[in-house]
Amino acid sequence: MYRLLLPVILLLALVGVSVLSDKPSPRADLVFINSSDVNTLDPQRMSWMHDMRTARLLFEGLVRNDVLSDDFAIIPGVAESWSVSGDGRTYTFRLREDARWSNGEPVTAEDFRYSWRRAMLPDLVADYVNMFMLIEGAQDFYDWRTEQLDAFSQRSFESPAQRQRSAYDLWDETVAKFDQLVGLSAPDPRTLVVQLSRPVPYFLDLCAFVVFAPVYEPLVAQYERPDPTTARLIRRPGWTAGGVLISNGPFELTRWRMKRDMRLEKNPFYWDTGAIAIDSVDIPSINDPNAGVLAYQTGAVDWIADVTAPYRGEMVAQKQEYLAQHADEVARLKAQGLDQFSIDRQLPPDPRAHTHAVSSFGTYFYNFNCKPYLPDGQPNPFADARVRRAFAMCVDKRAIADQVRRLGEPTASTLIPPGSIGGYESPQGLPNVGDASSETERARIVAKARTLLQEAGFPEDFVVTLSFNKDSGHDLIAQTIAKSWQKHLGVGTRLDQKEIKIFRQELKDKQYMTGRAGWYGDYGDPTTFLDINYSTDGNNDRAYNNPRYDGLIDQAATELDPAKRMALLGEAERILVEQDVPLIPIFHYATIYMFDPQKITGLSTHPRTTQNAYLIDILTDAKGPNQPRPMRRPAPSSQEPAP
Amino acid sequence: MMTMILRRLIALPFILLIVYTITLTLAWVVPGNPLENPEKRPKPEVVEQMNKQYNLDSFPRFYFSYLSSATGLKYARDAISGQLAREREEALSRGYPAPVRPVFDLGPSLKYDDKTVNELISETLPVSVTLGASAILIALVIGMGAGVAGAVKPNSLTDHVTLAVAMIGISLPSFVIGTVLLLVFSIWLGWFPVAQWGTPRSIALPALALSLPFAAYIARLTRMGMIDALGADYIRTARAKGNPQRVVLIRHALKNAFLPVLSFLGPATALAMTGSFVIERVFTVPGMGEHFVSAVQNKDYFVIIGVVLVFATMLIVFNLIVDVLYRWVDPRIQ
């Protein structure tokens, strides 16, 4: 009989052992849910927003963006001051003396040279390698290394031992080549001189981008060495593990368990540790959107950085209802120039006030395939800009934003969210049926569109295909667009719903007619959006090619005067959204946050949607100043950052 | 008995080879490139470099190179040819630390850059095993209790109710059960934490949700076995000897009725430990189950193959254990 109990006893022992060996740690000062599991904490290799959100807690670049200022000003980071040469091509950074790694070692100019070299290597395949190519000689270095690696794979060797030796020799040669070719020098440990291949007015903004943050060479170099057979630098993961990673930002990583949680503790060696009002941060990995909201409601989580629960539309609607109940008070506070979080903080507490729709640095749009022929070999009516303009005017953007998305997102008439980039004037964009102020105006827009189609000789009973992937409500948006085209232009439509991988492949291969798309900007310059329409750009899914547009982008690249440069880029965007229209901007994204405004302060409402979570102060605890941190208006004279 | 175990163990690598071949082929034909950030495309050169680095540009090359590193053949070959020692020497002589190479290398994760598949599995498998084992324990208690209760008085109200509940347990999808449990016990009553792992309290709810379909199945198996057993001659003999009901039921009838349950336990345990991705998602349990789904979506070849191989191995091993136990419990079986 007792034999029967054996499996039960075995199972019981198993459960007992694993429960006893696993003790949860006390709750951190700040617990927030990132939008997804971190893919990598290697700054040079990252490209995901959730990775960067975490990395900004751990790493600090030469400079930072002041996310709590309305103009997203550049403020000192590791560099305490900097100067730019007259031709805009040489940047000299002075590193602060008290910049420290989390093991107490000083952060030096060599650390930056080492880290940026990593990013410039073809071996490491960094997604943002292009940004580093702005540095003098970087492209030559990249090409040289690529050639050498190719040549190495063709070479024959007498023995594996010799092959291995040559692989290491090639690496030594590569390091020497970098010193010789690339315009990055460190005359002393606290001075970094960067030579650019052309003036890059937004270079400081790039330096604030976390991909430009330094890594600790003595640690990272242990995990990277030339592969004995291919000579390619191979990296072994492991240096970003909890308790192993050495970083130079406000926090250090003490634990990282896959799919489970990440724990950050204050970096005792950080130079500005006095400004940090929280001692520890927990980032639990909660991937189910609903579980995230539930966890928030039980108080286990303080902030959700991206609410994606299917009912978030209702949450936003309830918030708007709440704001409407206090409309007078809201109007009064708005008139004082307060930002949306500060307004929420002044209103009576209410669970509905915990939902926040924040404008984002991204745009949802529809692509037109601009190639002369469609995948089936038929002539493509959308190769004609007049047809594209007509279709763009007749998408009911208002209905999509207000009835389908319901997140309070603004309709878009431009690719770049207006007001997100300082000094940049957005073009007007095309009139749109959804945003028409009256019925007569709407009729006028439709008539204009129909005339355009007639002029272009748009074929009768042509069926327009809309391609999209099947998740995230793209189907509802496609239906709305199809309905507006049927209604206003009288064309037939076909909805083509695809699995996401197939959909992306078809976009890339231009095997579509019109298709949904979206883009988030990376840095504070119009080119972060406009580059994707450059004829040879890898993200030009539209096969758009206008030499005049390319010319304006090229011209802006060498223009030294910031105002003139912005005007050139503004003209390029005008061509894009008013004249050629290879894409239809539909709305600018909003991100939905959940947090209690009475409890948390230090989050930014700037449309660049960048949060430096180390600025957060929990107002209800005993740590930090416990003073609200509102958005600040730019000081009148702060055009240039003080050197 | 030994020959049976030996035969199964010899068959294991061949079964795994077939599983590997089928899995990789299926994963390979799915369109898309695992190396591409879905929204922003890296330069074509970048993708080309990465394809080269991971052998993603050639199916046969990938097939054989992965096979040899995952099975430890590559390690053995390098150890014999002196390659390992050479790499070590060269690295040390140039001031690099000695290279670390696992014997069975399941490769890197293409999506989670900072982790190897070995690490991913070793971090998440214990969680899934704990959850699965707890669920099977709960399932055994609930299922056998309900099964015996039903079988003692067949066609009584108790019997019908337990059967009906069991039917619901089998047919209700686990995300419904999970969400209801979460809502009632965590949100409304506040008895259990949400989205936590590690304490018995945080394991209880997901384990319960995961156990219900198994419990229902065990209840039906037990009931059938018990009804069969209770009608048998030896039970009448046992009763005639004046044994109390409790002894008859547990010592005589249940012992036989348990055998079908035991054979169900092998695949059930493997399934509970690895196939719990819906429950893991609903309760945010940091287990391995979700890799099954997300790796396929991400086309993360190394992770897909790694978790499938681990699952296949577990399935085979648990079935083997159950067969051994089976013979031990019931020596009549040969």
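None of the values given here were measured: they were computed from a predicted structure.

Caption draft 1: Region of interest: the sheet that holds strand 13 (residues 303–304) of chain A. All names here are of chain A. Spatial ordering of the open sheet is given by 10-11-12-1-13-18-14-17-15-16, a layout of ten strands whose pairing is mixed. The open sheet terminates on both sides in strands that have one partner only, identified here as strand 10 (251–257) and strand 16 (492–498). Pairing analysis gives two bridges linking strand 13 to strand 18 (residues 583–595), with the strands arranged antiparallel. Residue pairing for strand 18: tryptophan 303 is matched across the bridge by phenylalanine 595. Docked against the sheet, helix 2 (residues 49–58) engages strand 1 (30–33), strand 10, strand 11 (261–266), strand 12 (280–284), strand 13 and strand 17 (514–520), running at close to 135 degrees with respect to strand 10.

Caption draft 2: Molecular detail of the nonpolar core. One finds B:Phe62 and B:Phe283 to be the most contacted residues of the largest nonpolar core, which totals 107 residues. Residue contacts for B:Phe283: discarding those within four places in its chain leaves B:Gly178, B:Leu181, B:Leu182, B:Ala195, B:Leu205, B:Pro206 and B:Ala209. The next biggest cluster of nonpolar side chains, apart from the first, holds 93 residues, and it includes A:Ala119, A:Phe141, A:Tyr142 and A:Leu219.

Caption draft 3: How the structure looks around the sheet that holds strand 6 (residues 184–188) of chain A. Residues and elements named next belong to chain A. Taken in spatial order, the four strands line up as 4-5-7-6 in an open sheet, and their pairing is antiparallel. Each end of this open sheet is capped by a strand with a single partner; those strands are strand 4 (79–84) and strand 6. Ignoring which end each strand starts from, the neighbouring axes of this sheet average 20 degrees apart. The pairing of strand 4 with strand 5 (residues 90–95) spans five bridges and is classified as antiparallel. Opposite valine 84, over in strand 5, you have tyrosine 91 as the bridge partner. Strand contacts of helix 3 (residues 109–120): strand 5, strand 6 and strand 7 (191–195), with the helix running at about 165 degrees to strand 6, the strand carrying the most contacts.

Caption draft 4: Focus on the packing of helix 4 (residues 73–81) of chain B against helix 5 (residues 83–93) of chain B. Residue and element names in this part refer to chain B. At a minimum axis separation of 4 Å, helix 4 and helix 5 run at an interaxial angle of 75 degrees. When the axes of helix 4 and helix 5 are compared, the pair comes out roughly perpendicular. On helix 5, the residues touching Tyr75, Asp78, Ala79 and Ser81 of helix 4 are Gln83, Leu84 and Arg86. Here the contact of helix 4 with helix 5 is composed, by residue class, of three nonpolar, two polar and two charged.

Caption draft 5: Expanded view of the packing of aromatic side chains. Enumeration according to the criterion identifies 44 aromatic pairs over all chains in this entry. Plain terms: the ring middles of A:Trp116 and A:Phe212 are 5.2 Å apart, the flat faces sit at 80 degrees to each other, and that makes the pair edge-to-face. Of the two residues, A:Trp116 sits in helix 3 while A:Phe212 sits in the loop between helix 7 (203–208) and helix 8 (217–220), which places them 96 residues apart along the sequence. Assessed through its relative accessible area of 0%, A:Phe212 is described here as buried. Residues A:Tyr128 and A:Phe209 carry aromatic rings whose centres are separated by 5.2 Å and whose planes lie at 80 degrees to one another, so their mutual orientation is edge-to-face. Of this pair, A:Tyr128 sits in the loop between helix 3 and helix 4 (129–132) while A:Phe209 sits in the loop between helix 7 and helix 8, and the two are 81 residues apart along the sequence. Site record: aromatic cluster; members linked through ring pairs are B:Tyr20, B:Trp28, B:Phe59, B:Phe62, B:Tyr63, B:Phe64, B:Tyr66, B:Tyr301 and B:Phe302.

Rules used throughout
Residues numbered from 1 in each chain as written. Chains lettered and ligands numbered in written order. Predicted model: local features only at pLDDT ≥ 70, side-chain atom pairs only at ≥ 80, totals over all residues. Heavy atoms only, no water. Pairing = 2+ DSSP bridges. Helix = DSSP H or I, 4+ residues; strand = E, 2+ residues; numbered from the N terminus. Contact = heavy atoms within 4.5 Å. Axes fitted to C-alpha atoms, helices over the stretch in contact; angles between N-to-C directions. Core = buried A, V, L, I, M, F, W, Y, C linked by side-chain atoms within 4.5 Å. Buried < 20%, exposed > 50% of the residue type's maximum accessible area, 1.4 Å probe, protein only. Parallel < 35°, antiparallel > 145°, perpendicular 65-115°, else oblique. Nonpolar A, V, L, I, M, F, W, Y, C, P; charged D, E, K, R; others polar. Phe/Tyr/Trp six-rings, centres within 6.5 Å; stacked < 30°, edge-to-face > 60°.

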